[in-house]
Amino acid sequence: MNLIDTTAATAAGAGAAVEAHRPDTTRTPVRRSLAGLDRAGLAEALAAIGVPERERRMRVAQLWHWIYLRGVASFDAMTNVGKGLREKLAGAFTLDRPEVVVEQVSNDGTRKWLLRLPPDIAGDKPHDVEMVYIPESDRGTLCVSSQVGCTLNCSFCHTGTQRLVRNLSAAEIVAQVMVARDRLGDYPGMERAVGPGLPTEGDRLVTNIVFMGMGEPLYAYDSVAKAIEVLADGEGLGIGKRRITVSTSGVVPEIEKLGREVGPMLAISLHAVRDDLRDVLVPINKKYPLRELLDACRNYPAASNAKRITFEYVMLKGVNDSPADAKALVKLLAGIPAKINLIPFNPWPGTKYECSDWETIEQFSDIVFRAGYSSPVRTPRGRDILAACGQLKSETEKLSARERLALRAMAASAE
Ligand code: SAH
Ligand code: SF4
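Residues numbered from 1 in each chain as written. Chains lettered and ligands numbered in written order. Predicted model: local features only at pLDDT ≥ 70, side-chain atom pairs only at ≥ 80, totals over all residues. Heavy atoms only, no water.

Asker: Help me understand the overall build of the protein chain in this model?
Answerer: Each helix and strand counted, the protein chain has 13 helices and 14 strands in total. Across the protein chain, every contact between residues at least 6 apart in sequence was considered, and the portion connecting residues at least 24 apart equals 67%. Accessible area of the protein chain: about 18400 Å², with a carbon and sulfur share of 52%. (Helix = DSSP H or I, 4+ residues; strand = E, 2+ residues; numbered from the N terminus. Contact = heavy atoms within 4.5 Å. Areas by Shrake-Rupley, 256 points an atom, 1.4 Å probe, with all protein chains shown as cover.)

Below is the structure:
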């Protein structure tokens, strides 16, 4: 299925909606956006327009409130900031978010966005990253990207086949969450999105963040660490560190650092219980083998029964899915406060792997369950919109210029 098919299916009432926005070619990125900056970044911006030092702390607090707690997209809305300063801010900066290039809504409420990041450094070009929103009755989890592409080449992962272009900045990571809140109306006083599958409990739609989109978050450590501090700030976006999970393929030295300096929840992309197989599936294993990885998990400061580490295990037919593998998995994790997440493999064009049969997954899951781990299989979500890593971006890239135009025209006429 490609995006054109999805759009056609929408017109036929199949439930998935696709919407694309024309890039605003009239906008030149001379004014920098403040959306996503931390307190130090906002203070610098204020200094740059001549706000005296003694006033800056108070002004930062005001900006923080309006940008992150209220979600405003214009300086005009900041009613407790004097008109003169508002005008100065608007003359020098914007509150622009990354542009939403494609939005897809699945029948089950899952949403997927392709975002275009403006160039952040001279000579750079705009890059696209994707994020996925997975609603459940009591929570809404946003899966964000930390890099454009990934250097790690895990053999079953489509992102690994894309050339790494760059790390995202902390502001670009935070801005992803802001886009999701904008699109869902998830700020106090805003009109909330309605539709099947959205959370019905609690008053927020985006409650949890997982770094499971494109990229290896621990290779973009500084950005990820800084972004988590902004996301978790109780006076702003307010997504506490226990509701933020960083997923890593196993960059051992950075795991320890993350635990010590930041302390979010941790997920490990394990996928194999033997070094020889993990060397092939997750090649960073050659540098940091299983023993070192599990030691880092044992020492992860935040880990406890209440804050268990998630071990992700993708089910690959005939590769890592035997009952012996399941038993070895349970044995390997003994003594670590752990959750196990069995992920049905999501195939992509050109992959040599297949997803395990359902009975095999059930058998594997039973062994894991009997060892004391509850409901370990992750239900595939948003299958009708290909809501898996790397896939929306590659589907869009495959379209010819003519098809892209047709897609935009269709989306524009649907608006
Ligand atoms: N780079 C980080 C985070 C992004 S990948 C990491 O590897 O942990 C998020 C999760 O999706 C990882 O567990 C990854 O192994 C898994 N994944 C990647 N491609 C997949 C696919 N095609 N099907 C199922 N899971 C996949
Ligand atoms: Fe990179 Fe994670 Fe994909 Fe491996 S699984 S290639 S680390 S994004």
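We are not done yet, so read on.
Asker: Mind showing me how you'd approach helix H9 (residues 290–298) here?
Answerer: Owing to its 3.6 residues per turn, the α-helix aligns residues three or four sequence positions apart on the same side. Three or more residues of H9 are buried, namely Leu290, Leu293, Leu294, Ala296 and Cys297. In an axial view of H9, the angular spread of the buried residues amounts to 155°, which keeps them on one side of the axis. Buried residues in H9 make contact with helix H7 (252–261), strand S12 (265–269), helix H8 (275–281), strand S13 (309–315) and helix H10 (323–332). (Buried < 20%, exposed > 50% of the residue type's maximum accessible area, 1.4 Å probe, protein only. Arc of directions from axis to C-beta.)

Asker: Is there a simple way to explain the environment of Pro289 in this structure?
Answerer: Counting through the fold element by element, Pro289 comes out in the loop between H8 and H9. Measuring from C-alpha to C-alpha, the distance between Pro289 and Val252 comes to 9.2 Å, with 37 residues separating the pair along the chain.

Asker: So what exactly am I meant to see when it comes to the site of ligand 1 here?
Answerer: Around ligand 1 sit 20 residues, and of these Gly215, Ser247, Ser269, His271 and Asn346 come closest. Within the backbone of Gly215, an N or O atom sits 2.8 Å from a nitrogen atom of ligand 1. The protein chains hide 92% of the 530 Å² of surface that ligand 1 would expose on its own. Going through the elements one at a time, strand S11 (244–248), S13 and strand S14 (338–344) are the ones with two or more residues in the shell around ligand 1. Of the residues belonging to the shell around ligand 1, the class tally is 10 nonpolar, eight polar and two charged. (Near = heavy atom within 4 Å. Polar contact = N/O pair within 3.5 Å; in protein donor to acceptor, adjacent residues only side chain to side chain. Nonpolar A, V, L, I, M, F, W, Y, C, P; charged D, E, K, R; others polar.)

Asker: What is the right way to look at the site of ligand 2 in this model?
Answerer: Taken together, Cys150, Leu152, Asn153, Cys154, Cys157, Gly160, Gly215, Glu216 and Ser249 make up all the residues around ligand 2. When its residues are assigned to classes, the shell around ligand 2 shows four nonpolar, four polar and one charged.

Asker: Please clarify how H10 should be interpreted in this entry.
Answerer: Within the sequence span of H10, burial applies to Asp325, Ala326, Leu329 and Val330. Each buried residue of H10 lies within a common arc of 135° when the element is viewed along its axis, so the set occupies one face. For H10, exposure combined with an orientation more than 90 degrees from the buried face picks out Ala324, Lys327 and Lys331. Turning to H10, the residues buried within the fold contact S13, S14 and helix H11 (358–370).

Asker: Mind showing me how you'd approach the pattern of salt bridges here?
Answerer: Opposite charge on two side chains lets them pair, provided their charged atoms get close. Across all of its chains, the model carries 19 salt bridges by this definition. Ionic pairing is found between Arg274 and Asp325, a salt bridge with its closest N-O pair at 3.8 Å. Of this pair, Arg274 sits in the loop between S12 and H8 while Asp325 sits in helix H10, and the two are 51 residues apart along the sequence. Members of the salt-bridge network, linked through shared partners, are Arg39, Asp233 and Glu235. (Salt bridge = Lys/Arg side-chain N within 4 Å of Asp/Glu carboxyl O.)

Asker: Would you mind going over the pairing of strand S5 (residues 111–117) with me for this structure?
Answerer: Working note: regular strand, side chains alternate between the two faces of the sheet. With seven of seven residues buried, S5 is to be regarded as a mostly interior element. Linking strand S4 (residues 99–105) to S5, which pair antiparallel, is a turn of five residues; within it Gly109 sits at a positive phi near 95°. Bridging between S5 and strand S6 (residues 127–136) involves seven bridges; their strand directions are antiparallel. Of the residues in S6, the one forming a bridge with Lys112 is Val132. (Pairing = 2+ DSSP bridges.)

Asker: Can you walk me through the nonpolar core in this structure?
Answerer: One broad rule of soluble globular proteins: the nonpolar side chains tend to lie buried together. Judged by nonpolar contacts, the single largest core of 110 residues is most densely connected at Leu34, Leu142, Ile209 and Phe311. No other element matches the nine residues that helix H5 (residues 170–184) contributes to this core. Counting residues domain by domain, this core receives three or more from each of domain 1 (30–95) and domain 2 (99–401). Each residue touching Leu34, except ones within four places of it in the same chain, is listed here: Leu42, Ala45, Ile67, Tyr68, Phe75, Leu89, Phe93, Thr94 and Leu95. Core analysis: the second largest hydrophobic core is formed by five residues, Val132, Cys143, Met212 and Ala267 among them. (Core = buried A, V, L, I, M, F, W, Y, C linked by side-chain atoms within 4.5 Å. Domains from an automatic or database assignment.)

Asker: Please clarify how unusual backbone geometry should be interpreted in this entry.
Answerer: For residues besides glycine, phi is generally negative; the peptide bonds are generally trans as well. One non-glycine residue, Asn153, adopts positive backbone phi at about 55°. Tracing the chain through its elements places Asn153 in the loop between strand S8 (147–148) and strand S9 (166–167). Take Asn153: its relative accessible area is 45%, and that puts it in the partly exposed class. The backbone phi angle of His271 is positive, close to 65°, even though this residue is not glycine. You can see His271 is positioned in the loop between S12 and H8. A residue is classified by how much of its surface remains accessible, and His271, at 5% relative accessible area, is buried.

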